[in-house]
Amino acid sequence: MTSDIILEAVGLSKVFGGLVAVDNVSIQIRRQSMHAIIGPNGAGKTTLFNLLSGVMPPTTGQVLYKSQDITHISPQKRAALGIGRSYQITNIFPNLTVLENIRLAAQATGKDNFRMFKLADSFRGYIDRAEGVIDTVGLTGRELVIARNLPHGEKRKLELGIMIACDPELLLFDEPTAGMSSEQVPELINIINKVVQQKERTAILVEHRMDMVMSISDTITVMNQGRILAEGSPHEIANNRQVQTAYLGDLYGELA
Amino acid sequence: MLDKYLTKPGFGAAVKRERGFLIFILLMFILPFGIRALTGSGLNEGVTKFWQGQLITFFIMAVFAMSYDLLIGYGGILSFGHAASFGGGAYTFALLTKWWAPRFLESYRVMLGSVNISEGIVLLLILLAVLAVSIIIGLIFAATSIRLKGTYFAMLTLAISSAFYILIKATDFHQWTGADEGLHGIPLPVWLNPTQNRFTIYVVSLLFLMICYLVMRRMVNSPTGRVIVANRENEDRMRMIGYNPVTYRAIAFVTASIFAGFSGALYSIWNMSASPTMMSAVTTVNALIMTIMGGMGTLIGPVFGAAISQVIQQFFYTWFGARWPLVFGILFMLIVMFLPYGVVGTWRLQGWKVKQGWQRFLDLFKAKKAAG
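Residue indices follow the written sequence of each chain, beginning from 1 at its first position. Chain letters start at A and ligand numbers start at 1, both assigned in the order the entries are written. Given that this is a predicted model, residues contribute local features only at a pLDDT of at least 70 and side-chain atom pairs are listed and counted only at 80 or more, while totals for whole chains, interfaces and linings are drawn from all residues.

(A) Here's a closer look at the overall build of chain A. Secondary structure elements are taken from DSSP: a helix is a run of H or I of four residues or more, a strand is a run of E of two residues or more, and numbering for both begins at the N terminus. Broken down by element type, chain A carries nine helices and ten strands. Its C-alpha atoms give chain A principal-axis dimensions of about 65 × 40 × 40 Å. Counting other C-beta atoms within 10 Å of a residue's C-beta gives its exposure: the residue is buried at 20 or more, exposed at 12 or fewer, and partly exposed in between, where C-beta atoms are placed from the backbone. Counting every position in chain A, which comprises 256 residues, the buried fraction comes to 43%. Two residues qualify as being in contact provided that their C-beta atoms, derived from the backbone, are within 7 Å of each other. Across chain A, every contact between residues at least 6 apart in sequence was considered, and the portion connecting residues at least 24 apart equals 68%.

Dropping the structure here:
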């Protein structure tokens with residue numbers, strides 16, 4: 001049975017000391033969909049993300065990728081299976097050039113990682129691929145800049161570039177627009193849309209910007225206090241009373 | 001469009017890239033002949049012999065410092081136990097040459113035609129043993145880096161190398177290792193004897209430096225080397241794009257350990273002895289100082305650092321007497337303060353300023369000439 005579901009979490013929980021960050025969450029991600037996870041601060045979105053990407057093991061529960069149990073598989077093996085992740089806090093190789101940052105990611109997918117006596121630059125395939133990715137994320141002309149000297153917006157693009165260069169099937173975006181100004185956001189949304197549609201990829205998105213989430217996602221899951229509050233299309237979520245309360249609290253209630 | 005910024009493949013391009021280093025090697029090769037011509041003392045005697053001795057120590061320590069740079073400069077791994085590999089290589093060589101080689105030579109004779117190559121065979125086997133021991137020591141350190149990071153990891157490497165140090169100083173093994181006094185009077189074949197055939201050892205060490213430098217340079221520019229640099233830059237990110245940091249750290253440790261092991265073996269040939277100091281933390285710290293002075297992550301930097309350190313050790317005692325470490329300490333502080341990336345590293349970052357200033361000076365000179 002080749003199911004429509006690419007990633008599935010079953011009864012996932014994560015407890016930090018006395019704090020239940022993620023509480024018995026079950027979620028299904030459909031293939032080729034854009035699935036957003038939203039929720040107020042401290043709702044457990046990033047923890048859920050870390051569980052899905054394998055950064056930390058869950059206290060209980062299971063993660064299934066293409067019906068295969070990956071709960072206890074290391075992040076590097078998940079990457080090889082086709083799960084890519086970007087970070088909320090910019091996470092790049094700061095002292096390497098933009099090209100080298102992306103080239104390294106491209107190299108990870110090949111079989112030349114243990115060639116110790118050949119020049120890395122003589123493997124043109126990875127460089128060409130990196131240049132393609134640089135073009136996609138809109139960093140053309142910045143290839144030779146040392147990554148730490150890039151302005152914030154371009155660092156975010158580089159972050160995406162590193163993830164895309166691994167050619168994953170499932171993309172996990174952890175607040176891709178974090179810290180970006182409103183003018184920069186539409187460009188990033190375009191890039192994300194392009195990347196996802198380019199190869200019929202699936203994307204999971206954690207995001208704060210409601211406008212962005214509403215416009216690009218197919219399905220939205222709302223989390224609050226470690227639990228799933230609601231799930232549905234953007235339209236359904238926008239009209240969900242519970243969600244409105246969770247987001248806007250009593251103030252909204254008073255006004256309404 | 002990017003082509004001219006990429007490292008060009010091919011032998012010609014490699015020679016062109018490393019021309020500075022190759023010229024340096026050539027000059028070093030000619031140097032003893034130059035000193036002989038100036039002073040009239042033969043290659044294996046007098047002043048010529050003395051200066052070769054100084055340079056041999058420098059060449060060997062340069063390789064050791066470079067191997068340390070592989071770890072700290074490229075891999076971002078701060079290990080205080082690198083002397084274990086250096087001393088491990090030295091002791092493996094010394095112990096086997098002293099206790100095993102004579103027995104082997106008594107019982108077997110390997111002939112190639114009419115030439116007796118037994119000594120060569122023994123040397124080769126001993127070097128293979130050095131290789132094996134270096135790999136094992138590298139793997140031990142790699143194993144400790146699986147779970148520990150930063151300071152904790154540095155402390156554990158210090159502890160492991162201290163364990164080796166104590167083992168080699170243990171009086172229980174006095175009859176084999178010589179404990180505190182070390183192992184002296186290693187029987188070496190005449191052609192390899194540093195007192196009788198100084199120039200041979202000189203050439204061997206020079207070639208050793210050249211080969212090790214070129215091989216290491218190749219490695220750091222290889223796909224594997226680039227991933228090792230990624231480990232220095234951002235371990236989590238590296239994991240997330242599908243590399244296992246532990247594997248690449250193990251590669252860095254083992255390669256660094258092999259180079260350190262061989263430099264240790266050569267050092268014990270050169271001194272015809274092996275002493276516990278070679279395994280002590282002081283040796284690691286020396287390599288660290290050389291690497292910092294020359295410039296971390298530059299590979300050629302540690303060579304400069306080793307040269308500076310050799311000059312200091314040779315002259316500071318005569319110049320400053322027993323107070324020389326104080327002067328050296330101040331000098332080291334000045335280097336760290338004003339050349340924070342070491343001599344080579346700072347030059348790479350700031351060199352354009354000097355070049356620009358020089359250009360301005362030349363322009364000024366030209367303008368003056370045109371006016372006058």
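(B) Fine view of the overall build of chain B. Of the regular secondary structure elements, chain B holds 15 helices and four strands. The reference for a compact globule is 2.2 Å times residues^0.38; the radius of gyration itself is calculated from the C-alpha atoms. Since a compact globule built from 372 residues should have a radius of gyration of about 21 Å, the 23 Å found for chain B is in line with a globular shape. When its C-alpha atoms are laid out on the principal axes, chain B stretches across 85 × 60 × 50 Å. Within chain B, the fraction of its 372 residues that count as buried is 41%. Pairs at least 24 apart in sequence give 76% of the contacts found in chain B among residues at least 6 apart.

(C) Region of the structure containing the sheet that holds strand 9 (residues 219-224) of chain A. Residues and elements named next belong to chain A. Pairing in this open sheet of six strands is mixed, and the strands run 6-7-8-3-9-10 from one edge to the other. Only two strands of the sheet have a single neighbouring strand rather than two, namely strand 6 (83-86) and strand 10 (227-232). Neighbour to neighbour, the strand axes of the sheet diverge by 15° on average, direction disregarded. Strands strand 6 and strand 7 (170-174) of the sheet are contacted by helix 5 (residues 152-165), whose axis makes an angle of about 170° with strand 6. Here, a strand pair is defined by DSSP locating no fewer than two bridges between the strands. Each axis is a line fitted through C-alpha atoms, and for a helix only the stretch in contact is used; angles between axes span 0 to 180 degrees, taken between their N-to-C directions.

(D) Looking closely at the domain arrangement of chain B. Residue and element names in this part refer to chain B. Considered domain by domain, chain B is made up of domain 1 (18-324) and domain 2 (339-372). The domain boundaries here were taken from an automatic or database domain assignment. In this structure, domain 1 and domain 2 have C-alpha centres spaced 37 Å apart. Listed by partner, the interface residues are nine residues for domain 1 and six residues for domain 2. When residues of the side of domain 1 that touches domain 2 are traced back to their parent elements, those giving at least two are helix 12 (281-294) and helix 13 (300-320). Each residue belonging to the side of domain 1 that touches domain 2 can be placed in one class, and the counts come to five nonpolar, four polar and no charged. Residues were grouped as follows: Ala, Val, Leu, Ile, Met, Phe, Trp, Tyr, Cys and Pro as nonpolar; Asp, Glu, Lys and Arg as charged; and all remaining residues, including Gly, as polar.

(E) Structural context of helix 3 (residues 46-74) of chain B. Residue and element names in this part refer to chain B. Between its first and last C-alpha atoms helix 3 spans 41 Å; for 29 residues at 1.5 Å apiece the expected length is 42 Å, and the two agree. Bend at a residue means the angle formed by two fitted axes: the first through the 7 residues ending at that position, the second through the 7 residues beginning there. A bend of about 30° at Y68 is the largest found in helix 3. Burial of helix 3 is extensive: 21 of the 29 residues sit out of reach of the surface. G76 sits one or two residues past helix 3 and shows a positive phi near 65°. Expected helix span is computed as 1.5 Å times (number of residues minus one).

(F) View of the packing of helix 3 of chain B against helix 8 (residues 198-220) of chain B. Residues and elements named next belong to chain B. Where helix 3 meets helix 8, the axes come as close as 9 Å, and the angle between the chain directions of the two elements is 20°. By the angle between their directions, the pair helix 3 and helix 8 is classed as roughly parallel. Along this stretch, helix 3 crosses helix 8, giving a crossing that reads as left-handed. Packed against helix 3, whose contacting residues are K49, Q52, G53, L55, I56, F59, I60, A62, V63, M66, L70 and Y74, the element helix 8 presents R198, F199, I201, Y202, S205, L206, F208, L209, C212, Y213, M216 and V220 at the interface. Class assignment for the residues of the contact of helix 3 with helix 8 results in 19 nonpolar, three polar and two charged. Comment on the angle field: the value is read as roughly parallel under 35 degrees, roughly antiparallel over 145, roughly perpendicular from 65 to 115, and oblique elsewhere. Two helices crossing with the near one rotated counterclockwise from the far one by less than a right angle form a left-handed crossing, whereas a clockwise rotation gives a right-handed crossing.

(G) Seen up close, the sheet that holds strand 1 (residues 5-16) of chain A. Residue and element names in this part refer to chain A. With antiparallel pairing, the four strands of this open sheet are ordered in space as 2-1-4-5. Among the strands making up the open sheet, the edge pair consists of strand 2 (19-30) and strand 5 (68-69). Where strand 4 (residues 60-65) and strand 5 come together, two bridges link them in antiparallel fashion. By the bridge assignment for strand 5, Y65 is matched with Q68.

(H) Representation of the interface of chain B and chain A in the model. With 24 residues of chain B at the contact, the number on the chain A side is 32 residues. Elements that contribute at least two residues to the side of chain B that touches chain A include exactly helix 8, helix 9 (223-233) and helix 10 (235-240) of chain B. Looking at which element gives the most residues to the side of chain B that touches chain A, the answer is helix 9 of chain B, with six residues. Per-class residue counts for the side of chain B that touches chain A are eleven nonpolar, seven polar and six charged.

(I) The arrangement of the packing of helix 4 (residues 82-107) of chain B against helix 11 (residues 245-271) of chain B in detail. All names here are of chain B. Here helix 4 crosses helix 11 at 45°, and the two axes come no closer than 7 Å. Considering their axes alone, helix 4 and helix 11 lie oblique with respect to each other. Regarding helix 4 and helix 11, the two cross each other, and that crossing is right-handed. Between helix 4 and helix 11, the residues in contact are H82, S85, F86, G87, G88, G89, A90, F93 and A94 and S257, A260, G261, F262, S263, G264, A265, Y267 and S268, respectively.

(J) Main features of the environment of S233 of chain A. All names here are of chain A. Within the secondary structure layout, S233 lies in the loop between strand 10 and helix 8 (234-238). Take S233: there are 11 C-beta atoms within 10 Å of it, and that puts it in the exposed class. Remark: the alpha-carbon pair of S233 and T221, spanning twelve residues in sequence, is separated by 8.8 Å.

(K) Broad picture of the pairing of strand 1 of chain A. Residues and elements named next belong to chain A. Direction of pairing for strand 1 relative to strand 2: antiparallel, over a ladder of eight bridges. Across the sheet, the residue bridging to L7 is I29, located in strand 2. In this antiparallel pair of consecutive strands, strand 1 and strand 2, the connection spans two residues, and G17 shows a positive phi of 55°. Where strand 1 meets strand 4, five bridges bridge the pair, whose relative direction is antiparallel. Bridge pairing links V10 to Q62 in strand 4.

(L) Structural detail: unusual backbone geometry. All names here are of chain A. Phi angles above zero are rare outside glycine, and Q32 is one such case at about 55°. You can see Q32 is positioned in the loop between strand 2 and strand 3 (34-38). Positive phi values are uncommon outside glycine, yet D167 reaches one of about 55°.

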